[in-house]
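A closer look at the structure
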Amino acid sequence: MVVFIGNILVYLKLKEEHDNHLRVVVDTLKEKKLYTKLSKCEFWLREVSFLGHVISKGGIVVHPSNVDAVLHWETLKSVFHIRSFLGLASNY
């Protein structure tokens with residue numbers, strides 16, 4: 001399970017294990033009086049976008065829109081902008 005601010009990602013390789021783990025997460029949230037909007041929940045996805053990456057059975061890759069944004073970045077004209085761009089690009 002990965003939790004980042006308001007996002008919870010539950011994942012396991014086997015469906016049976018996933019179902020059990022998901023039940024534990026839901027029960028723990030309920031016990032701690034933490035609630036989610038069902039309309040924002042997605043279950044049993046084969047692929048998910050999470051924090052700028054696409055996670056699937058095949059592994060984790062950078063989301064294509066982020067790659068496209070870096071490829072089409074405008075020309076940098078200051079040291080500040082170059083440093084900012086390098087910080088962003090190093091994340092991917």
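One can find the structure itself at the top, above this paragraph.
What counts, and at which threshold
- Residues numbered from 1 in each chain as written.
- Predicted model: local features only at pLDDT ≥ 70, side-chain atom pairs only at ≥ 80, totals over all residues.
- Heavy atoms only, no water.
- Helix = DSSP H or I, 4+ residues; strand = E, 2+ residues; numbered from the N terminus.
- Rg over C-alpha atoms; globule rule 2.2 N^0.38 Å.
- Buried < 20%, exposed > 50% of the residue type's maximum accessible area, 1.4 Å probe, protein only.
- Contact = heavy atoms within 4.5 Å.
- Areas by Shrake-Rupley, 256 points an atom, 1.4 Å probe, with all protein chains shown as cover.
- Lys, Arg positive; Asp, Glu negative; His and termini not counted.
- Charge placed at Lys NZ, Arg CZ, Asp CG, Glu CD.
- Pairing = 2+ DSSP bridges.
- Axes fitted to C-alpha atoms, helices over the stretch in contact; angles between N-to-C directions.
- Salt bridge = Lys/Arg side-chain N within 4 Å of Asp/Glu carboxyl O.
- Expected span 1.5 Å × (residues − 1).
- Patch = residues over 30% accessible without salt bridge, like charges linked within 9 Å, V, L, I, M, F, W, Y side chains within 5 Å.

Examining the overall build of the chain
In terms of helices and strands, the chain carries three helices and five strands. Ordered by position in the sequence, the α and β elements of the chain form the string β-β-α-β-β-β-α-α. Whereas a compact globule of 92 residues would reach a radius of gyration of roughly 12 Å, the chain reaches 18 Å, over 25% beyond that. Each principal axis of the C-alpha distribution contributes one length, and for the chain these read about 50 × 30 × 20 Å. With 92 residues in all, the chain has 11% of them scored as buried. The contacts of the chain with a sequence gap of at least 6 include a subset with a gap of at least 24, amounting to 25%. Here the chain displays about 8200 Å² of accessible surface, and carbon together with sulfur accounts for 60% of that area. Put simply, the chain has 12 plus and 9 minus side-chain charges, and the middle of one group is 5 Å from the middle of the other.

Examining the sheet that holds strand E3 (residues 47–50)
In space, the three strands of this open sheet follow the order E3-E4-E5, with antiparallel pairing throughout. The open sheet has two edge strands, E3 and strand E5 (59–62), and neither has a second partner. The average angle at which neighbouring strand axes cross in this sheet is 25°, direction not considered. Where E3 lies against strand E4 (residues 53–56), four bridges are found, and the strand directions are antiparallel. When the sheet's bridge partners are listed, phenylalanine 50 is paired in E4 with histidine 53.

Here's the deal with the pattern of salt bridges
A full pass over the atoms with the stated rule returns two salt bridges. Its salt-bridge partner being aspartate 27, residue arginine 23 comes within 3.5 Å of it at the nearest N-O pair. In this pair, arginine 23 and aspartate 27 are both assigned in helix H1 (residues 15–31), four residues apart and thus about one turn of the helix distant. On the basis of relative accessible area, arginine 23 is assigned to the exposed category, the value being 52%. Looking at aspartate 27, the relative accessible area reads 38%, which means it is partly exposed. Of the charged contacts in the structure, one is a salt bridge between glutamate 31 and lysine 32, with a shortest N-O distance of 3.9 Å. As far as the burial class goes, glutamate 31 and lysine 32 line up, both exposed.

Brief notes about H1
In this model, H1 (17 residues) spans 24 Å end to end at C-alpha, consistent with the 24 Å of a helix rising 1.5 Å per residue. Where the residues of H1 are buried, they touch strand E2 (7–9). Once H1 ends, the next one or two residues include lysine 33, with phi positive near 60°.

Considerations on a nonpolar patch on the surface
Taken together, the side chains of Met1, Val3 and Ile8 present a nonpolar region at the surface, about 280 Å² in accessible area. Checked against the element boundaries, isoleucine 8 lands in strand E2.

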